Amino acid sequence: MSKSKVAVIKATPGTVVEDVMKVMKLAGAPDVIKASADVALKINITWHLYMPACSTTPWQLEGAIRQLDEQGFDRKQMWGTHNDTVVVDARAGEPNNHLTRVLDQYGIQRMHLNDPGVEWFVYEPKGKMLVLHDVFKKDGIRIPRFLVGKNIIHFPTIKTHVFTEITGAMKNAFGGLLHFNRHWTHSVIHETLVDLLTIQKEIHPGVFAVTDGIFCGDGPGPRAIVPHVKGYLLASSDQVAIDATSARLMGFDPLSIKFLKLAHEAGLGKADPREIEIVGEDISNVNFNFRRNQETLASRGQKAIYHGPLKPLENLLLRSPITPWSFAASRLYHDVYWYPAHKERVNSVLRTEWGKLWESYA
């Protein structure tokens, strides 16, 4: 049985851009991402405010651009690709996460997938869908035409998540491939991520991921996290395997995480560590000892709607004209209360050498 390859290395602040290039090469990027097609650099803006481990780091982006340069890409073929969410503004998140300088320095054009004028069309997947046909049975599965035919590189971070336990490369497609009503899928989020990987494999000539494990997030993520400095970089063309390796580093059994197990069983990638070849760093004894299933007040309320006593009201609360109440409540909780109350978590990381490097990208 062939194994999937995941490259893992320890990086240093002085060499991190070269380290990103190194980990991409180790994972076979030149064989997967070819200059015969443009490439969407799928940036992950989990929060328009800066919280270490939440969003794509500037060195991920810069290292990938430099690697694509080396592979013969014209910079006009590279697209810094953003999506908004109902609670996150990517246009504010790009400069706040110090990504703007990198994109401007290298002359990389942007694509904001949720902008007016961007074409979204009904896509009929060739592969089996677990839930998306049922969720979007009225309007069909709509995806942005911009992404079809392009390579894609995902730039997730290692962090926990209140709905999917971990989040990574597979979850990064959630924003790009589904529009603002993507929250309709939250009650079946694990199956949704598997469906989206099926679609990705159909529409992209090459799919790759570079995961930042330099800043890692524990706690009720993806926003209300405790950041930790760990110093790892991961890369792979197997989105399941790279997320499984992230889970393993966090101290979790990958096959106990539903979306990874479903994707593994569907043959979309490898989640069983015995079927993953780790190249580069020996991580056999690494365990971050992160905790699963941590909650916030906001996530408890959402789960009560998706899976609990408020389930009968789900359509009214989340799929009707009154739905914006939930978006406002989330922003109020996270931006106005939680972030100022936990700002020292940011400051403590910024005092490290890695934090000083991040500041240098301002």
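Residues numbered from 1 in each chain as written. Predicted model: local features only at pLDDT ≥ 70, side-chain atom pairs only at ≥ 80, totals over all residues. Heavy atoms only, no water.

### As for the packing of helix α1 (residues 16-26) against helix α3 (residues 58-70)
Argument step 1. Interaxial distance between α1 and α3 falls to 8 Å at its minimum, and their mutual angle equals 60 degrees. Taken together, the axis directions place α1 and α3 in an arrangement best described as oblique. α1 and α3 meet at a crossing whose hand is right-handed. Along its contact with α1, which presents Val16, Val17, Glu18, Val20, Met21, Met24 and Lys25, the element α3 presents Trp59, Gln60, Glu62, Gly63, Ala64, Arg66, Gln67 and Glu70.
Argument step 2. Of the residues belonging to the contact of α1 with α3, the class tally is seven nonpolar, three polar and five charged. (Axes fitted to C-alpha atoms, helices over the stretch in contact; angles between N-to-C directions. Helix = DSSP H or I, 4+ residues; strand = E, 2+ residues; numbered from the N terminus. Parallel < 35°, antiparallel > 145°, perpendicular 65-115°, else oblique. Left-handed = near helix turned anticlockwise from the far one by under 90°. Contact = heavy atoms within 4.5 Å. Nonpolar A, V, L, I, M, F, W, Y, C, P; charged D, E, K, R; others polar.)

### With respect to unusual backbone geometry
Argument step 1. With an omega of 20 degrees, the peptide bond running from Gly221 to Pro222 counts as cis.
Argument step 2. Its location among the elements puts Pro222 in the loop between β10 (207-218) and β11 (226-236).
Argument step 3. The backbone phi angle of Ala53 is positive, close to 85 degrees, even though this residue is not glycine.
Argument step 4. Structurally, Ala53 is set in the loop between β2 (39-43) and α3.
Argument step 5. Positive phi values are uncommon outside glycine, yet Glu165 reaches one of about 70 degrees.

### Some words on the pattern of salt bridges
Argument step 1. Counting across every chain of the model gives 14 salt bridges.
Argument step 2. The residue Glu94 makes a salt bridge to Arg110 at a minimum N-O spacing of 2.7 Å. Separated by 16 residues along the polypeptide, Glu94 in helix α4 (residues 90-96) and Arg110 in strand β4 (residues 109-112) bring together distant segments of the chain.
Argument step 3. You can call Arg110 partly exposed: its relative accessible area is 27%.
Argument step 4. Lys258 is the salt-bridge partner of Glu191, the closest N and O atoms lying 2.9 Å from each other. Pair noted here: Glu191 is in helix α8 (residues 189-203) and Lys258 is in helix α10 (residues 258-265), with a separation of 67 residues, a long-range link.
Argument step 5. Connected through shared salt-bridge partners, Glu94, Asp104 and Arg110 make up one network. (Salt bridge = Lys/Arg side-chain N within 4 Å of Asp/Glu carboxyl O. Buried < 20%, exposed > 50% of the residue type's maximum accessible area, 1.4 Å probe, protein only.)

### Side note on the environment of Asp139
Argument step 1. When you line up the elements, Asp139 lands in the loop between α6 (132-135) and β6 (142-144).
Argument step 2. The exposure class assigned to Asp139 is partly exposed, which follows from its relative accessible area of 43%.
Argument step 3. Taking the C-alpha atoms as reference points, Asp139 and Val122, separated by 17 residues in sequence, lie 7.9 Å from one another.

### Observations concerning the pairing of strand β3 (residues 78-82)
Argument step 1. In terms of burial, β3 is largely enclosed, as five of its five residues are buried.
Argument step 2. Residues Met78, Gly80 and His82 of β3 are buried on one face, and the alternating residues Trp79 and Thr81, pointing to the opposite face, are buried as well.
Argument step 3. One ladder, built from four bridges, connects β2 with β3; its direction is parallel. Looking across to β3, one finds that Lys42 is bridged to Thr81.
Argument step 4. Where the polypeptide runs from β2 across α3 and back to β3, its parallel neighbour, the crossover connection is right-handed.
Argument step 5. As paired elements, β3 and β4 share four bridges and run parallel to each other. Paired with Thr81 across the bridge in β4 is Met111. (Pairing = 2+ DSSP bridges. Right-handed = clockwise from strand over helix to strand, strands pointing away.)

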